[in-house]
Structures are given as structure tokens and as C-alpha cells.
Amino acid sequence: MGATVEAVSSNGTYSFTKPNRDSITLLAGLGVEGDVHAGVTVKHRSRMAQDPTRPNLRQVHLIHRELFDEVHEEGFEVGPGQLGENVTTRGIDLLALPVGTLLHLGDEAVVEVTGLRNPCLQIDDFQGGLLKQVVGRDDEGTIVHKAGIMSVVRTGGTIRPGDAIGVVLPAEPHRPLERV
């Protein structure tokens, strides 16, 4: 079985979590139709405060379902949309993808991976101690961000739970993901 979309979520107002939907529509160059974070320029409050004219590299947030399984083993209950993601995936190592990877979501939509989500303290407001589960250190002491990846919409389209995910890697050399 290949990679699939497990859930899709959006919210028209600023809120940490996003309700699950039957489908979401991605709009080229903007993001998720009707989502508060859609737009050509930054829409995340902290980034708007810094410079509201910067390009929005965080139009669509994807998280792998396997992260929820991992934090469950540590006593946390997290489900699709609860960490603010638009697309919950299964069967793909999102964190290992290089910058510029194209993800084909369903029959039409294509997003380009821009970088890692930089999780904030709101995660601990959602469930105390969860931030330490999604940001940690590897054996060499390097910080590891596990709270998903960010992307921009290259080709619009509607996506639904159960849709297949196709992966097209960029030309080498590959650039590893960094926080965006």
C-alpha cells in the first residue's frame, strides 16, 4: 500500500486546531480555500508581526499520522487536525523529503515542500508536555522537528481522505528541510 491522505482539515478563523472536512480545495499560489492561512503573503500571526510582505511558504501544513501513533506511546492523544495541519498523511516519511519535493495529492493537486514546521508553545497549551514530544534531539544532539512540513500549492485541486500521494523528488543535490 502506498502513501495516502488520511484526513483533511481547514479553519476560516485563527485557532490552534482545524476541524476535519470531507474534502478541501487547494488553490494555486494561495493555499487551502477558506483557510485562515491561505494567501500569497504570510498569514501566521507571528510572521505577520515581523514582516507581513514576506511570501507565504506555509500555505499547506502536512503531518504524518505516524507521529500521532508515536506520541500515543508516550501517553498523548492527538488526532487529525488537532495540531493545526491541513493534510494528515499515512505511509510517507515527510520529514525525510528534501526542499522542492512535489507531492501529488489525489488526481489534480500538487504542493511543493518548502520546509519544516517550527512548532510553538501553543502545542503545550493544547496538551502539556507535547512540545517536547514533537521537538527533540537526535543521538548527536541535533534538534529534530517532528511536527510536520510546510508547502505551497503549485496546482490546485480537491483532495479527500483516501486519496493517493505521489512523490516527485527535485534534481540533486537535495537540500534538507529547514524551519520555515
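Residues numbered from 1 in each chain as written. Predicted model: local features only at pLDDT ≥ 70, side-chain atom pairs only at ≥ 80, totals over all residues. Heavy atoms only, no water.

**What to know about the pattern of salt bridges**
Should the charged atoms of two oppositely charged side chains come close, the side chains can pair.
Moving on, step 1. Applying the stated criterion to the full structure yields 7 salt bridges.
Moving on, step 2. Between glutamate 6 and arginine 90 there is a salt bridge; the shortest N-O distance is 3.0 Å. Within this pair, whereas glutamate 6 is found in strand β1 (residues 4-9), its partner arginine 90 is found in strand β6 (residues 87-90), the two being separated by 84 residues in sequence.
Moving on, step 3. For the salt bridge of aspartate 69 with arginine 65, the shortest nitrogen-to-oxygen distance reads 3.4 Å. Highlighted residues: aspartate 69 and arginine 65, both in helix α2 (residues 65-72), separated by 4 residues, approximately one helical turn.
Moving on, step 4. Assessed through its relative accessible area of 32%, aspartate 69 is described here as partly exposed.
Moving on, step 5. Within this structure, Glu6, Arg65, Asp69 and Arg90 form a network of salt bridges that share partners. (Salt bridge = Lys/Arg side-chain N within 4 Å of Asp/Glu carboxyl O. Helix = DSSP H or I, 4+ residues; strand = E, 2+ residues; numbered from the N terminus. Buried < 20%, exposed > 50% of the residue type's maximum accessible area, 1.4 Å probe, protein only.)

**Some details on the pairing of strand β3 (residues 24-27)**
Moving on, step 1. Side chains Ile24 and Leu26 project from β3 onto a buried face, and the interleaved Thr25 and Leu27 project onto a face without burial.
Moving on, step 2. Examined bridge by bridge, β3 and strand β12 (residues 157-159) share 3 bridges and lie antiparallel to one another. What sits directly across from threonine 25, in β12, is threonine 158.
Moving on, step 3. Pairing of β3 with strand β4 (residues 31-32), which is carried by 2 bridges, proceeds in the antiparallel orientation. Among the inter-strand pairings, leucine 26 is bridged to a residue of β4, identified as valine 32.
Moving on, step 4. Count of turn residues in the β3/β4 antiparallel hairpin: 3 residues, of which glycine 29 carries a positive phi of about 75°. (Pairing = 2+ DSSP bridges.)

**Overview of the sheet that holds β12**
Moving on, step 1. The sheet built from 3 strands is open, its strands ordered β4-β3-β12 with antiparallel pairing. Taken across any chain shown, the strands that pair with only one partner, and hence form the sheet edges, are β4 and β12.

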